[in-house]
Amino acid sequence: MALKGPFVAVGLVAALLLGFVIARSTDARSEAQAPAPAATAIPSHSHGGAVVGDLGGFSLSAGGFTLVPAQPPTFAAGSEQQFAFKILGPDGKPVTRYVTNHDKNLHFIAVRHDLSGFQHLHPAMAPDGTWTIPLTLPTPGIWRLYTDFITLDATGQQVPLALAVDATVAGSYSPVALPPPARTVEADAFTVTLEGTPQVNATQPLSFRVFAGGAPVTDLERYLAAYGHLVVVRDGDLGYLHVHPEDQLVGGAVKFWLSAPSPGRYRMYFEFQKAGQVHRAEFTVDVP
Ligand SMILES: [Cu+2]
């Protein structure tokens, strides 16, 4: 009964925009007649900032925006294939306005469901809003494909989103067990250490240090406008977040601030650049 009145009164579009507010309002009619607080209906994802407490990447659609692959996302293992998609806006039209975030309008991440096989790519957009990326998924299994971007709502407010679709690679799938939690991992010719422990509902520092031959690397380079990029994926549901560090190195470390959305096991993919090459260190982290 609380929902019926306003749905009839203000119509479908307003109901979609106001649904969350209306559902919680004891005086639905006066709420519906108030100036439309559209922004409150947009889920607040804060990945892309320094402080993150929310996950995305669960769904094809969020906040009225929908990821639409051009073809069913099926791949043959190890062979390159064009993956094309659009992001449709609340008006049903392809989104062509994006806010550049860390040098790119859209970041594309592929992770196999066992959290192996990470890729971070940057598709190109045609004027009609079609994004295309040549993609090679090397091994059989289900791969989550994340599109990570900031667009604008009807009021011009920024909407950061992580929309995702699962791709299938046919063949014999051999799940890889997640490596146990570790503070030190090897990444190509580098050793990377992790300091700090994420906590639930408390923003904590998380610092990465890069060593080569036992000595700290002092000349890390900016990659996509930051000294490091951290993608965090939750084990169990592949919830996704992408965090950027403090603008400057802190005592030689790449320092992030992070609030974990829940206890559990996470895989952290830390990317850094040295001598023009991007490297990646992967950590398993348990949040108590
Ligand atoms: Cu990117």
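Residues numbered from 1 in each chain as written. Predicted model: local features only at pLDDT ≥ 70, side-chain atom pairs only at ≥ 80, totals over all residues. Heavy atoms only, no water.

- Within an unreviewed UniProt entry, the label attached to the protein reads Secreted protein, and the organism entered is Dactylosporangium salmoneum.

## Side note on the coordination of the copper ion
In step 1: With distances of 1.7 to 2.0 Å, the protein atoms coordinating the copper ion are His107 (ND1), His120 (NE2) and His122 (NE2).
In step 2: Along the chain, the residues donating to the copper ion are arranged with the sequence spacing H-x12-H-x1-H. Of this pair, His107 sits in strand β5 (residues 107-112) while His122 sits in the loop between β6 (119-121) and β7 (124-125); the two residues are 15 residues apart in sequence, bridging distant segments of the chain.
In step 3: A relative accessible area of 1% places His107 in the buried class. (Donors = N, O, S within 2.8 Å, 3.2 Å for Na, K, Ca; no water. Helix = DSSP H or I, 4+ residues; strand = E, 2+ residues; numbered from the N terminus. Buried < 20%, exposed > 50% of the residue type's maximum accessible area, 1.4 Å probe, protein only.)

## What about the pairing of strand β13 (residues 204-212)?
In step 1: Relative to β13, strand β12 (residues 190-195) runs antiparallel, the two sharing five bridges. When the bridges of β13 are listed, Val192 appears paired with Val210.
In step 2: By the bridge criterion, five bridges tie β13 to strand β17 (residues 254-258) in an arrangement that is antiparallel. Note that in β17 the partner of Phe208 across the bridge is Val254. (Pairing = 2+ DSSP bridges.)

## Some details on the sheet that holds strand β15 (residues 229-234)
In step 1: Across the sheet, four strands lie side by side as β16-β15-β18-β19; this open sheet has antiparallel pairing. The sheet terminates laterally at β16 (240-243) and β19 (277-287), the two strands that pair on one side only. Strand-to-strand twist of the sheet, defined as the mean angle between neighbouring strand axes without regard to direction, takes the value 20°.
In step 2: One ladder, built from eleven bridges, connects strand β18 (residues 264-274) with β19; its direction is antiparallel. When the sheet's bridge partners are listed, Tyr269 is paired in β19 with Glu282. (Axes fitted to C-alpha atoms, helices over the stretch in contact; angles between N-to-C directions.)

## Remarks on the pattern of salt bridges
In step 1: In this structure the tally under the stated criterion is nine salt bridges.
In step 2: Salt-bridge contacts for Arg267 lead to Glu282; the nearest nitrogen and oxygen are separated by 3.0 Å. Linking Arg267 in strand β18 with Glu282 in strand β19, this pair joins segments that are 15 residues apart in sequence. Residue Arg267 shares its accessibility class with Glu282, and that shared class is buried. (Salt bridge = Lys/Arg side-chain N within 4 Å of Asp/Glu carboxyl O.)

## Let's talk about the packing of aromatic side chains
In step 1: In total, this model carries 15 aromatic pairs according to the counting rule given.
In step 2: Ring geometry for Phe85 and Phe108: centres 6.2 Å apart, planes at 25°, overall stacked. On the criterion of sequence distance, the pair formed by Phe85 in strand β4 (residues 81-88) and Phe108 in strand β5 is long-range, its members being 23 residues apart.
In step 3: With a relative accessible area of 1%, Phe85 lands in the buried category.
In step 4: Accessibility expressed as a relative area gives 0% for Phe108, which makes it buried.
In step 5: Among the aromatic residues, ring-to-ring pairing joins Phe75, Phe83, Phe85, Tyr98, Phe108, Trp131 and Phe149 into one connected group. (Phe/Tyr/Trp six-rings, centres within 6.5 Å; stacked < 30°, edge-to-face > 60°.)

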